[in-house]
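# Tertiary structure, described
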Amino acid sequence: MIMTFRWYGQEDDSISLKHIRQIPGMDGVVWALFDVPVGEVWPEDKIAAVIEQIKAYDLDYSTVESVNVHEDIKLGRPTRDKYIENYIRTLERLGRAGVRVVCYNFMPVFDWTRTDLAKPLFDGSTAMEFDYRQIADKSPQQMVEEIRKGSKGAKMAGWEPERLKSLEALFEAYEGVDEEQMFSHLGYFLRAIIPTCEKYGIRMAIHPDDPPCSVFGLPRIVKSERDLERIVKLVDSPCNSLTICSGSLGANLQNDIPAIIRRFGAQDRVAFAHIRNIQVCEPWVFHETAHKSRYGSLDMYDMMKALHEVNFTGPIRPDHGRMIWDEQGRPGYGLYDRALGANYLCGLWDAISRADKA
Ligand SMILES: [Mn+2]
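Below: a short report on this structure. (Residues numbered from 1 in each chain as written. Predicted model: local features only at pLDDT ≥ 70, side-chain atom pairs only at ≥ 80, totals over all residues.)

## A short note on the nonpolar core
Core analysis: the biggest nonpolar cluster contains 83 residues, and Val29, Trp31, Val102, Ala205, Ile261 and Met303 have the highest contact counts within it. The element best represented in this core is helix H9 (residues 179–200), accounting for six residues. Sequence-distant contacts of Val102, that is, excluding residues within four places in its chain, are made with Val64, Val67, Leu91, Leu94, Ile202, Met204 and Ala205. (Core = buried A, V, L, I, M, F, W, Y, C linked by C-beta atoms within 7 Å. Buried ≥ 20, exposed ≤ 12 C-beta atoms within 10 Å, placed from the backbone. Helix = DSSP H or I, 4+ residues; strand = E, 2+ residues; numbered from the N terminus. Contact = placed C-beta atoms within 7 Å.)

Below is the structure:
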């Protein structure tokens, strides 16, 4: 496995590549061009510039998260072909530049959803929480406003202002779009782009819906083992792969993540892993925790063991962390707790590898 750390870029991340380089066991950076509007082709010079920066610190740059999918593609609008063309141009450029894994999601309107970005935990740290009761009587606009305030000015991936400007129109557009249609639109997209991925050796890694349930009545199709099975069958290629995000899938305790890793790992369809812990308090009420198994509902050892068993060689990242040690920054994306999480995962991996050889 390649241990990685998400980085928002020189302009927008308070954490430097120098700091990331000093985390023990850290092999690479997961990056993106956050200032290119969704649907546009990523400029070659900007791709090259970020890769140069990452290379200067001798870190792996072969994983990108995300190349976002334009809503017209998810909605199956006639204009989707133009946006798919642009997506293919971006993939070609990334492929030529040495990118091998591209994470994306197919969530309508919203990317991840939380109701509190700084819930105080028992030890005085704060973490992100989702509580369905908190949005039950709120409008999507109210939730967007709360996320904006909670982020304290930090750009939040997936909550780009241009995407959220036309919230009402988007909600109207999704009226009457059901999960079957979403699967069909995803299939159309994948059939168009996978030949390019095969040519350049890029593995598309779809991220599960976070949380894995419908929010505000929007259709969601990446929630369960059954959904993942349907997705890998849409195009039969290892380039049509999955991101196993434990904190997303794990919000539904029915999802047996080690079993999911074994099943899709055996089919060579796990391209990327986000491994973190959450505490599920009751159905659709959960908050993020420290990585160590005892703090949450998920067993980190079981998940790392499953990845080891399927000979996982792709990137892993600790995904999110709590805010600890008075750190200020982008919720979920501080330096300290993610560094600790990465170290815990590296420790588990080393122990599992060693026991395997014995
Ligand atoms: Mn994730």
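## Some remarks on helix H10 (residues 225–234)
Side chains three or four residues apart in an α-helix point the same way, a direct result of the helix having 3.6 residues per turn. By the burial criterion, the buried members of H10 are Leu228, Ile231 and Val232. Angular distribution of buried residues about the axis of H10 spans 95°; they occupy a single face of the element. Among the exposed residues of H10, those oriented more than 90 degrees off its buried face are Arg226 and Lys233. Where the residues of H10 are buried, they touch H9, strand S7 (203–206), strand S8 (240–245) and helix H12 (257–266). (Arc of directions from axis to C-beta.)

## With respect to the packing of helix H4 (residues 80–96) against H9
Look at H4 against H9: their axes get within 10 Å of each other, and the N-to-C directions meet at 15°. Taken together, H4 and H9 sit at an angle that is classed as roughly parallel. At the point where H4 passes H9, the crossing takes the right-handed sense. Here Ile84, Tyr87, Ile88, Leu91, Glu92 and Gly95 of H4 come into contact with H9, specifically with Phe189, Ala192, Ile193, Thr196, Cys197 and Tyr200. A per-class count over the contact of H4 with H9 returns nine nonpolar, two polar and one charged. (Axes fitted to C-alpha atoms, helices over the stretch in contact; angles between N-to-C directions. Parallel < 35°, antiparallel > 145°, perpendicular 65-115°, else oblique. Left-handed = near helix turned anticlockwise from the far one by under 90°. Nonpolar A, V, L, I, M, F, W, Y, C, P; charged D, E, K, R; others polar.)

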